[in-house]
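Chain by chain, the residues:
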Amino acid sequence: MPLVPQHIKNLKPYQAGKPIDELRRELGLKKIVKLASNENPLGVSPLSLCAMREAMSEVSRYPSPDSHDLRQKLARRYDVNIKNVFAAHGSEGIISLIMRTFLLDDEEAITSDGSFVTFNIQAQSRGIQLKTAPLKNYRYDLPAIADRITHKTKVIYLANPNNPTGNIFTVPEFRAFMEKVPPRVLVILDEAYFEFATDDPAYPDSMQYRLDNVITLRTFSKAYGLAGVRIGYGFAHSDLIENLMKVKLTFEPSYPAQVGAIAAMDDQDFLDKTLWLNRHGREFLYQLFDRLGIEYITSQTNFVTIILDSEERVNTLYEKLLRQGVIVRPLKSFGLPNCIRVSTGLEEENAFFAKALERVI
Ligand SMILES: Cc1ncc(COP(=O)(O)O)c(C=O)c1O
């Protein structure tokens, strides 16, 4: 018997955006702007930072194993019972936990091509069969995903808005899709970019219609600027939550993460600033790409994806931008080799990117 199972050997690890330090080491550049990982350019909510600083003096103690205060606060905010709320080590952590908790070896998962590849990695690391449906005009093709459901299907993963295309599926599209999903199939609705999309009335906020087989995932990593402390949350039927609780690591998420998330929820000012900055950043990028004749996908997130002619053009542009001190994200590993994703930044970062792009294009 080999020590490492074949399905693990076959795994391709997640390729994160290039770290700033790495580029600085490689090219010795003074100014570097990273628009590659959809982080919050304003940094951390000041209220959250203050709470986490205080929490550091108590990290000798284990945190609440059921994240009671955070779940209570989320329950009140979203008008659900605490038994329907779950918190863990990033929404990525919850995806991994769902795959460990609910799947049998011979069951299958389905998602779309051109979506958040962490799900594919988690499904493949679980050694189960993963089916995908192609994107249609850079959007999820929900009917094609539904067509792939068989008696073996256990989990369907949908990111709404989707990363890396940035667009949404609408209320009628979601309703029609759910009519085709049997109740024995779990639907993970990953709403990591929910805060950026809610101003669109077509966006199906899954909290509006709670379905027993839907797990909604959200995160503090994006709109709340807490990507580095790793804290995500979810809503689902209490049966599902109860079983996730059994499998999760006892003391995840960490104490600073729980405390930081609670404080972040009170920082409406920070959230408003984040959303304002992002709306303006998106408009700025649209105008820039229009001016340069670059095709892009209209986005309901904190990034915009551009479409080029070929993978070769993507690689050339990516390399040239790196030399100008701008890190963006080529999307080959997400299954879109002719696309690049650009996160919105601070106004001066967007302007720096625009100048660099104009210079190299
Ligand atoms: C669709 C989607 N889901 C989840 C995540 C990860 O969120 P977290 O930091 O909570 O693990 C990301 C991050 O890029 C994402 O794009």
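Residues numbered from 1 in each chain as written. Predicted model: local features only at pLDDT ≥ 70, side-chain atom pairs only at ≥ 80, totals over all residues. Heavy atoms only, no water.

K.L.:
How should the site of the ligand be read in this particular structure?
P.N.:
The immediate surroundings of the ligand are formed by 13 residues, with Asn-163, Asp-190, Thr-219, Ser-221 and Arg-230 found nearest. At 2.6 Å, a side-chain N or O of Asp-190 approaches a nitrogen atom of the ligand. In this structure, Lys-222 approaches the ligand through a side-chain N or O atom, which is 2.8 Å from an oxygen atom. If the ligand stood free it would expose 400 Å²; the protein chains cover 93% of that surface. Here the shell around the ligand gets three residues from one element, more than from any other, and that element is helix H5 (residues 90-102). Here the shell around the ligand is composed, by residue class, of four nonpolar, five polar and four charged. (Near = heavy atom within 4 Å. Polar contact = N/O pair within 3.5 Å; in protein donor to acceptor, adjacent residues only side chain to side chain. Areas by Shrake-Rupley, 256 points an atom, 1.4 Å probe, with all protein chains shown as cover. Helix = DSSP H or I, 4+ residues; strand = E, 2+ residues; numbered from the N terminus. Nonpolar A, V, L, I, M, F, W, Y, C, P; charged D, E, K, R; others polar.)

K.L.:
What's the story with the nonpolar core in this structure? I'm lost.
P.N.:
The nonpolar side chains of a soluble globular protein tend to be buried, and buried together. Counting residues in each nonpolar core, the largest one holds 52 residues, and the members touching the most others are Phe-119, Ile-156, Leu-158 and Phe-177. Ranked by residues supplied to this core, first place goes to H5 with six residues. Apart from the residues within four sequence positions on either side, Leu-158 is in contact with Tyr-140, Leu-142, Ile-145, Phe-169, Phe-177, Val-187, Ile-188, Leu-189 and Asp-190. (Core = buried A, V, L, I, M, F, W, Y, C linked by side-chain atoms within 4.5 Å. Buried < 20%, exposed > 50% of the residue type's maximum accessible area, 1.4 Å probe, protein only. Contact = heavy atoms within 4.5 Å.)

K.L.:
Quick question: what am I supposed to make of the domain arrangement of the protein chain here?
P.N.:
Note: interface size is frequently given as the accessible area lost on complex formation between the parts. Segmentation of the protein chain into domains returns domain 1 (6-43 + 269-360) and domain 2 (46-267). When each unit is reduced to the centre of its C-alpha atoms, the spacing between domain 1 and domain 2 is 24 Å. Between domain 1 and domain 2, the contact holds 34 residues from the first and 32 residues from the second. For the pair domain 1 and domain 2, the summed buried surface comes to about 2,600 Å²; carbon and sulfur atoms form 63% of the total. On the domain 1 side of the interface with domain 2, the three residues burying the most area are Tyr-14, Gln-300 and Phe-334, jointly 24% of the side's total. If you look at where domain 1 meets domain 2, you find zero salt bridges. (Domains from an automatic or database assignment. Buried area = accessible area lost by both parts, 1.4 Å probe. Salt bridge = Lys/Arg side-chain N within 4 Å of Asp/Glu carboxyl O.)

K.L.:
Honestly, the pairing of strand E3 (residues 108-112) in this entry has me stumped. Any pointers?
P.N.:
Each regular strand carries side chains that alternate between the two faces of the sheet. Within E3, five of the five residues are buried, which leaves it mostly tucked inside the rest of the structure. Residue alternation in E3 divides its side chains into two sets, Glu-108, Ile-110 and Ser-112 and Ala-109 and Thr-111, and both sets are buried. In this structure, E3 lies alongside strand E4 (residues 129-133), joined through five bridges in parallel fashion. Bridge pairing in E4 links Ser-112 to Ala-133. Chirality of the crossover, the property in question, places the unit of E3, helix H6 (residues 117-125) and E4 among those that are right-handed. For E3 and strand E5 (residues 153-159), the ladder comprises three bridges, and the chain directions are parallel. When the bridges of E5 are listed, Ile-110 appears paired with Ile-156. (Pairing = 2+ DSSP bridges. Right-handed = clockwise from strand over helix to strand, strands pointing away.)

K.L.:
Explain the sheet that holds strand E13 (residues 339-343) to me, please; I cannot follow it from the model alone.
P.N.:
Remark on secondary structure: sheet strands pair via backbone hydrogen bonds, oriented parallel or antiparallel. Read across the sheet, four strands follow the order E9-E10-E13-E12 without closing on themselves; strand pairing throughout is antiparallel. This sheet does not close on itself; its edge strands, each paired only once, are strand E9 (295-297) and strand E12 (329-330). As paired elements, E12 and E13 share two bridges and run antiparallel to each other. Residue pairing for E13: Pro-330 is matched across the bridge by Ile-340. Here helix H13 (residues 311-323) sits on the sheet in contact with strand E10 (303-307), E12 and E13, set at roughly 35 degrees to E13. (Axes fitted to C-alpha atoms, helices over the stretch in contact; angles between N-to-C directions.)

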